[in-house]
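Given next are the chains, with one letter for each unit.
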Amino acid sequence: MSIRTLDDLLAEGVSGRRVLVRADLNVPLDKQTGDITDDGRIRAVLPTLGALVEAGAKVVVCSHLGRPKGTPDPQFSLSPVAARLGELLGAPVHFATDTVGDSARSTVADLADGQVALLENLRFNAGETSKDEAERGAFADQLAAFGDAYVDDAFGAVHRKHASVYDVPARLPHVAGRLVLREVEVLSKLTSEPERPYVVVLGGSKVSDKLAVIEALLPTVDRLLIGGGMCFTFLKAQGLEVGTSLLEKDMVETCRNLLERSEGKIMLPVDVVVADAFAPDAAHDTVRVDGIPSHRLGLDIGPETVAGFAAALSQAKTIFWNGPMGVFEMAAFAAGTRGIAEAITKADAFSVVGGGDSAAAVRALGLDESSFGHISTGGGASLEYLEGKTLPGIAALEN
């Protein structure tokens, strides 16, 4: 991979230069209070920002948050992120109340060497995500005007062909930040000669979301452990009753085909936790997968499944995990995800947590992040990388 790095840029000298950093600060916010509930993505970009600040750059950070529709929406403001970023950096972060307007221009113009500014949510401008190349390019022109060089440290967004990710690097000298470089190095280990046995754990709600990665991984993995809501479509494909559990009827035949082709590599749950309703206080108990009542729904894998999956993981030398095993946000249905996470930490293996809900689960359950080999910041990006897709943001850095 021929990509220039942050160290290359620092070696050239950045003191007094404006450096535009695309970060992924898309953190979850409490809907009632607006408080950040997980600052993992902010912490992940600190090594890159800290190095630039120390080198005397004028650092202009840009990011998206949530999915506003191309116009300003207060509930998706990056203002609380600016405050938290300032706390973590130990110095105020100057916040622009727009993306490329008067506030952004004056905020950037007023930066002193070693200071940091954060622009408002990029998706408040329709040009960021536009499919129209001219509209996207016009926005990229305005963003690029804020930098003498560009650093992409937003791995969670490199699979998007967006202005700040794909078009800006064509307009400025560009490098990969510390986080993006680390992510690509780690994921390339999984795609080129992983140490065996190689065990993959997939969870989450939908088979359709994971179908491409299952297809890509089946020939290369030794075991594929499937939990989460998606397991019920596989169980249905085996002719089992799944009650009112999450089910993608149009994927049942696909799952049947995958099971037939898997040569026994796919492991499915043998027991699940079923409940009367999708609610934290719903009556629930554990049943065998061939005994799911027609009026109940599965919300977690059961203890026997955890033990079986853990046994497979204990043999592994390489592990990739993407997707929770159940509704971990509800205490009654978190045991499966916790059990699998703990089994991964105990394995004598190089382990990668594939971003998204899995990374959130690690933090929400209070597990030691350092017990995992790597926790990715990009769920969708890491899956698409493993599928072998070209990621627009990486391709733009290679050019």
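Quantities reported herein were computed from a predicted structural model and do not represent experimental measurements.

Procedures and definitions
Residues numbered from 1 in each chain as written. Predicted model: local features only at pLDDT ≥ 70, side-chain atom pairs only at ≥ 80, totals over all residues. Heavy atoms only, no water. Buried < 20%, exposed > 50% of the residue type's maximum accessible area, 1.4 Å probe, protein only. Helix = DSSP H or I, 4+ residues; strand = E, 2+ residues; numbered from the N terminus. Pairing = 2+ DSSP bridges. Phe/Tyr/Trp six-rings, centres within 6.5 Å; stacked < 30°, edge-to-face > 60°. Lys NZ or Arg CZ within 6 Å of the ring centre and 35° of its normal. Axes fitted to C-alpha atoms, helices over the stretch in contact; angles between N-to-C directions. Contact = heavy atoms within 4.5 Å. Salt bridge = Lys/Arg side-chain N within 4 Å of Asp/Glu carboxyl O.

A. Highlighting the pairing of strand β1 (residues 18–23). In terms of residue burial, β1 counts as a mostly covered element, since five of its six residues are buried. The pairing of β1 with strand β2 (residues 58–62) spans five bridges and is parallel. Bridging across to β2, arginine 22 finds its partner in cysteine 62. Here β1 pairs with strand β5 (residues 149–153) via five bridges, running parallel. In the sheet register, valine 19 faces β5, and the bridge partner there is alanine 149.

B. Highlighting the pairing of β2. Buried residues dominate β2, accounting for four of its five residues. Where β2 and strand β4 (residues 116–118) come together, three bridges link them in parallel fashion. Bridge pairing in β4 places valine 61 opposite leucine 118.

C. Quick peek at unusual backbone geometry. Residue arginine 196 is joined to proline 197 through a cis peptide bond whose omega torsion reads 5°. Assignment of secondary structure puts proline 197 in the loop between α8 (178–191) and β7 (198–202). At glutamate 193, a position not held by glycine, the phi torsion is positive, near 55°. Positioned with a positive phi, glutamate 263 is a non-glycine residue whose angle comes to about 55°. In this fold, glutamate 263 is placed in the loop between α11 (252–261) and β9 (266–267).

D. Highlighting the packing of aromatic side chains. Evaluated as defined, the whole model comprises zero aromatic pairs. Across the ring face of phenylalanine 350, the terminal group of lysine 189 is positioned such that the distance to the ring centre comes to 4.4 Å.

E. The sheet that holds strand β3 (residues 93–95), seen in detail. Read from one edge of the open sheet, six strands run β3-β4-β2-β1-β5-β6, paired in parallel fashion. Two strands close off the open sheet at either side, each with one partner strand: β3 and β6 (174–176). Geometrically, the sheet is characterised by an average inter-axis angle of 25° between neighbouring strands, direction not taken into account. Of the strand pairs in this sheet, β5 and β6 are connected by three bridges, and their pairing is parallel. Each residue of the ladder has a partner; that of aspartate 152, found in β6, is alanine 176. Along the sheet face, helix α4 (residues 79–89) touches β3 and β4 and points at about 165° away from the line of β3. Against the sheet, α8 contacts β5 and β6, and its axis sits at roughly 45° relative to β5.

F. Layout of the pattern of salt bridges. All chains considered together, the criterion is met by 23 salt bridges. The salt bridge partner of arginine 18 is aspartate 148, with a shortest N-O separation of 3.2 Å. Highlighted residues: arginine 18 in strand β1 and aspartate 148 in the loop between α6 (133–144) and β5, separated in sequence by 130 residues. For the salt bridge of arginine 171 with aspartate 141, the shortest nitrogen-to-oxygen distance reads 2.5 Å. One end of the pair, arginine 171, is in the loop between α7 (163–167) and β6; the other, aspartate 141, is in helix α6, and 30 residues separate them in sequence.

G. Seen up close, the environment of leucine 313. With respect to the secondary-structure elements, leucine 313 resides in helix α12 (residues 303–314). It is 6.4 Å that separates the C-alpha atoms of leucine 313 and isoleucine 344, two residues lying 31 residues apart in sequence. Beyond its immediate sequence surroundings of up to four residues, leucine 313 is in contact with Val199, Val201, Leu225, Ile319, Ile340, Ala343, Ile344 and Ala347.

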